[in-house]
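# Notes for the structure review
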Amino acid sequence: MIIDTALGRLIAQRVARATDGANVLQILGIPYARAERFRPPVPVGASDGGAPAGAPVNTGYGTCFPQRLAPRAVNLALRHFQLRPEWQPRGDVAGEDSLRVNVWTPMDGAPRPVLVFIHGGDCGSGTLPVYNGAHLAGRGVVVVTVTYRIGAFGHLHVVDGGTVSCDRALLDQQAALRWVREHIGALGGDAGNITLMGHCGGAQYALYQALNPDNAGLFHRLILASGQRAVPVPLDPDAERRAFTALLADNRLTREELGALPAERLVRLRMPRARLVTVMDRPFFRVDPRAVLRDGGFPRVPVLVGTTADEFSMIEMPLWYRRMGLATRGRDLGRRVREVYGEHGRRIAVALRHEADGLVDLQTRMMELVVFHGAALDLMKGFSRFTTVHGYRFEGVPRVYGGRPGSYHGAEIAFFFGNLDRMRIPVTGEDRAVAAAVQRDWLAFIRDGAVPGRPAFDREDPSLTRYRADGAVETIAFPHADLLGDLEGTDLAARVVDSYMRRR
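Heads up: these notes are all about the structure in this document. Quick caveat, the model's predicted, so the values are computed rather than measured.

A few words now on the packing of aromatic side chains. Taken as a whole and assessed by the stated rule, the structure comprises 18 aromatic pairs. When the ring of phenylalanine 81 is compared with that of tyrosine 408, the centres are 4.0 Å apart and the planes differ by 20°; the resulting orientation is stacked. You can see phenylalanine 81 sitting in the loop between helix H1 (74-78) and strand S8 (93-94) and its partner tyrosine 408 sitting in the loop between strand S17 (389-394) and helix H14 (411-417), a full 327 residues away along the chain. In terms of burial, phenylalanine 81 and tyrosine 408 fall into one category: buried. The interplanar angle of 50° and the centroid separation of 4.8 Å between the aromatic rings of phenylalanine 117 and tyrosine 131 together place this pair among those described as tilted. Of this pair, phenylalanine 117 sits in strand S10 (residues 112-118) while tyrosine 131 sits in the loop between S10 and helix H2 (134-138), and the two are 14 residues apart along the sequence. Of the two residues, phenylalanine 117 and tyrosine 131, neither departs from the other in class, the shared state being buried. An aromatic cluster of at least three residues, connected via ring pairs, comprises Trp87, Phe117, Tyr131, Tyr392, Phe394, Phe415, Phe416, Phe417, Trp442 and Tyr467. One Lys or Arg, arginine 84, reaches over the ring of tyrosine 401 and ends 5.4 Å from the middle of that ring. Geometry around phenylalanine 478 places arginine 393 over its ring, the cationic atom sitting 5.4 Å from the centre.

Glancing now at the environment of cysteine 64. In this structure, cysteine 64 sits in strand S7 (residues 63-64). Overall, the relative accessible area of 4% leaves cysteine 64 in the buried class. A sequence separation of 290 residues divides cysteine 64 from histidine 354, and the C-alpha atoms of the two residues are 43 Å apart.

With that settled, the discussion passes to the side chain of threonine 59. Mapping threonine 59 onto the fold places it in the loop between strand S6 (42-43) and S7. Side-chain polar atoms of threonine 59 contact the backbone oxygen of tyrosine 61, separated by 3.1 Å. Once residues within four sequence positions are removed from consideration, threonine 59 is found in contact with Ile11, Leu28, Gly29 and Arg100.

This paragraph deals with the sheet that holds strand S18 (residues 463-467). Taken in spatial order, the eleven strands make up an open sheet running S3-S4-S9-S11-S10-S14-S15-S16-S17-S18-S19, and their pairing is mixed. Lying at the two open borders of the sheet, with one neighbouring strand each, are strand S3 (13-16) and strand S19 (473-477). Taking the axes of each pair of neighbouring strands and ignoring which way they run, one obtains an average angle of 25° across the sheet. By the bridge criterion, five bridges tie strand S9 (residues 100-105) to strand S11 (residues 142-147) in an arrangement that is antiparallel. Within S11, the residue paired with arginine 100 across the bridge is threonine 147. Where helix H5 (residues 201-210) meets the sheet, its contacts fall on S10, strand S14 (189-199) and strand S15 (221-225), and the angle it forms with S14 comes to roughly 130°. Running over the sheet, helix H13 (residues 359-384) touches S15, strand S16 (303-308) and S17 and is turned about 170° from S16.

Here four bridges tie strand S1 (residues 2-5) to strand S2 (residues 8-11), and the two strands are oriented antiparallel to one another. Within S2, the residue paired with aspartate 4 across the bridge is arginine 9. Turn length for the S1-S2 hairpin, with the two strands adjacent in sequence and antiparallel, is two residues.

Each value, and the rule that gives it
Residues numbered from 1 in each chain as written. Predicted model: local features only at pLDDT ≥ 70, side-chain atom pairs only at ≥ 80, totals over all residues. Heavy atoms only, no water. Phe/Tyr/Trp six-rings, centres within 6.5 Å; stacked < 30°, edge-to-face > 60°. Helix = DSSP H or I, 4+ residues; strand = E, 2+ residues; numbered from the N terminus. Buried < 20%, exposed > 50% of the residue type's maximum accessible area, 1.4 Å probe, protein only. Lys NZ or Arg CZ within 6 Å of the ring centre and 35° of its normal. Polar contact = N/O pair within 3.5 Å; in protein donor to acceptor, adjacent residues only side chain to side chain. Contact = heavy atoms within 4.5 Å. Pairing = 2+ DSSP bridges. Axes fitted to C-alpha atoms, helices over the stretch in contact; angles between N-to-C directions.

Encoded structure:
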């Protein structure tokens with residue numbers, strides 16, 4: 001169907017996803033900016049989306065940036081949850097003109113709270129089935145998902161004259177946030193009540209948006225789901241120039257040839273190990289983000305931070321053990337732990353041994369503690385000095401491959417968005433109870449900036465909300481807070497991430 005709005009004519013689809021059968025509108029492919037390859041985004045106005053006069057502004061379908069996807073047949077053997085259809089943009093049209101937002105809205109006349117969601121790091125798009133916002137829109141929230149430049153398009157450090165360009169993904173997201181503030185009222189949203197949410201690399205991006213003082217007023221709540229790292233460190237421009245020169249030499253290209261490569265060749269270039277997020281003093285950050293967090297210079301909005309119980313179950317596959325450097329024999333464990341964790345290894349292993357199911361699971365739980373749970377605790381402590389913070393630990397288990405991966409990385413997204421039924425898996429009564437609990441709490445946070453009945457985070461007595469797999473919800477002390485506190489200020493998390501990423 002075609003609807004006329006202040007944004008222009010839009011292609012929309014009416015979908016019924018709410019519990020009470022209410023209809024919502026799904027509006028895909030609205031352009032928020034345009035950009036030449038490796039160039040900053042240029043905002044798109046209310047009616048200059050590039051469509052001919054009288055034609056719809058949006059495409060009406062999902063779009064994504066070109067990326068490398070494993071053949072579907074590969075997952076018949078791997079049985080990996082991140083390679084399942086709900087996490088793959090196979091239904092999207094791939095192209096470099098994909099700076100677009102997707103909207104699910106009740107469009108019932110009342111301004112509704114807005115959720116802006118940034119998808120995970122270096123793959124995917126805003127229209128993955130697991131991110132479908134129809135259910136939440138049926139609960140009275142306008143959902144906006146953002147597609148931005150990924151991979152080489154968004155992160156490759158490109159030297160152009162005296163400038164090193166590498167913050168394009170961040171600039172894209174910032175442009176999308178500005179578009180939402182200016183235009184979401186035309187689609188039923190309340191521009192004065194916007195929640196920014198990200199998952200995985202998207203949580204890192206959302207954090208970086210929050211640590212940019214220029215973004216004050218662009219959002220009013222912040223949800224960080226399963227981010228891996230804390231505050232970014234500006235890179236050395238001279239080192240990046242040398243790396244770019246080496247990249248061109250390794251691929252036998254000139255700067256001009258790189259810019260003209262077909263997209264399918266660009267995503268297959270031999271490149272140095274990609275860093276999920278690249279941060280320079282310019283053009284995104286004008287103030288060192290470390291100082292912003294330390295001094296409270298960020299937009300002081302309520303924050304919700306958390307992780308799942310089995311973040312690194314993604315690597316518990318025998319095919320990957322050797323590649324990931326995981327010890328599979330007891331006699332090798334001590335050496336491996338010392339290599340990665342140094343003087344802290346033995347204490348961490350002893351603390352987690354009773355929670356682990358075998359040798360490999362112990363090592364993955366050590367990684368989870370340091371990389372995910374430790375980063376969450378650090379952020380809770382940092383933000384809570386200046387604003388209200390709520391923490392969570394999610395234990396819901398989608399019945400993917402019989403539940404073998406547990407409460408894996410991203411499990412909370414399907415429960416919160418209400419999309420378990422899109423995954424072609426059994427959905428139990430317990431699953432529905434978990435989904436109801438997390439939706440109740442997080443939708444309250446989106447509306448009002450607080451979680452009713454749950455205490456805010458306290459630095460002196462750290463606790464969080466635990467969403468159990470049976471649907472029960474309880475407040476618990478932050479697991480291993482004392483141990484993580486002793487690791488605070490070390491570079492251990494960065495070393496563990498580097499060890500993991502280097503072997504991916």
